[in-house]
Amino acid sequence: MKKLNIYFTAGIPQLKDTTKILKLIQNSGADYIEIGMPYSDPVADGPVIQKAHEIALKNGMTIAELFEQLKTVKSEMNIPIILMGYINPVLSFGFEEFCKECKESGVSGLIIPDLPPVEFEKNYRSILEKYNLNFIFLVTPETSDERIKYLDSLSSGFLYAVSSSSTTGNEAKEINNEEYLNRLANLGLKNPVMIGFGIKNKSDFDKVTEKADGGIIGTAFVNILLNNDDWAKKGENFIRSIIN
């Protein structure tokens, strides 16, 4: 079975909806949950997720608030929860303190796209290992085979393969990068490969997972949360439509 990872930004539509969304994603049959930590300058994200960050910050979502909310549902969650965000807020929180809170909140891994791998190896890997946290690196179609193997060797949990070099949620790009997907499939990587950016429906998901282990859906799900009063029902139906 191909794995489905659903991303959403913590603190939308309302500040306290995060725990409801976690349960919704799990109960709908997804395999992973990726939570975006709101940040004022989310450079890798497209307009929908940027808007979600703005709303979440206005709602009062912070890293500390997120950890408090996660602790309230920790005992009910049985699929991996991954936090995705940028390095500055994590450093402001304190890297080791952040990892400790992750462990205590039931978080199993981190994605921090702007943390350079060399710095990760030198300063942060040992702290992540101390708290038994996975760390997931991103690769793109422009990443050389040699560097993909290097980032795979540093990653644990899975390797995040960006489908194209644009920002997430870019409508103009159809996911049809067969050469790249073939290349990833033939490199003999140690981690499962999850494809993200631009997966909007079951047809996209099926296409990218022919050669990969799973797919990551963010913008399409965040759109549902931001634009529907009955987001819980619509969100559940959307996730089930991808899996079934």
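Residues numbered from 1 in each chain as written. Predicted model: local features only at pLDDT ≥ 70, side-chain atom pairs only at ≥ 80, totals over all residues. Heavy atoms only, no water.

- An unreviewed UniProt entry annotates the protein chain as Tryptophan synthase alpha chain originating from Kaistella flava.
- What the UniProt record of the protein chain gives under Sequence similarities (unreviewed entry) is the line "Belongs to the TrpA family." (UniProt positions renumbered as here; feature names shortened; annotations may be inferred.)

1. Section: the state of the cysteines
Reasoning step 1: A full pass over the atoms with the stated rule returns zero disulfides.
Reasoning step 2: This cysteine, Cys99, is not joined by any disulfide, and Cys102 carries the nearest cysteine sulfur, 5.9 Å off.
Reasoning step 3: Here Cys99 falls in the buried class, since its relative accessible area comes to 0%.
Reasoning step 4: Look at Cys102 and you get buried, because its relative accessible area is 0%. (Disulfide = S-S within 2.5 Å. Buried < 20%, exposed > 50% of the residue type's maximum accessible area, 1.4 Å probe, protein only.)

2. Things to note about the pattern of salt bridges
Reasoning step 1: On inspection of all chains with the given rule, the structure shows 13 salt bridges.
Reasoning step 2: One salt bridge in this structure joins Lys100 and Glu104, with 3.7 Å as the shortest N-O distance. With Lys100 and Glu104 both in helix α5 (residues 95-105) and four residues apart, this pair spans about one turn of that helix.
Reasoning step 3: On the basis of relative accessibility, which here comes to 31%, the residue Lys100 falls in the partly exposed class.
Reasoning step 4: Note that Lys234 and Asp230 form a salt bridge whose closest N and O atoms lie 3.4 Å from each other.
Reasoning step 5: Judged by its relative accessible area of 40%, Asp230 is partly exposed.
Reasoning step 6: Where salt bridges share partners, they join Glu68, Lys71 and Glu101 into one cluster. (Salt bridge = Lys/Arg side-chain N within 4 Å of Asp/Glu carboxyl O. Helix = DSSP H or I, 4+ residues; strand = E, 2+ residues; numbered from the N terminus.)

3. So, the nonpolar core
Reasoning step 1: The biggest cluster of nonpolar side chains holds 85 residues, and the ones touching the most others in it are Phe8, Ile25, Ile35, Leu83 and Phe221.
Reasoning step 2: Apart from the residues within four sequence positions on either side, Ile35 is in contact with Tyr7, Phe8, Ala10, Leu22, Leu66, Leu70, Ile81, Ile82, Leu83 and Met84. (Core = buried A, V, L, I, M, F, W, Y, C linked by side-chain atoms within 4.5 Å. Contact = heavy atoms within 4.5 Å.)

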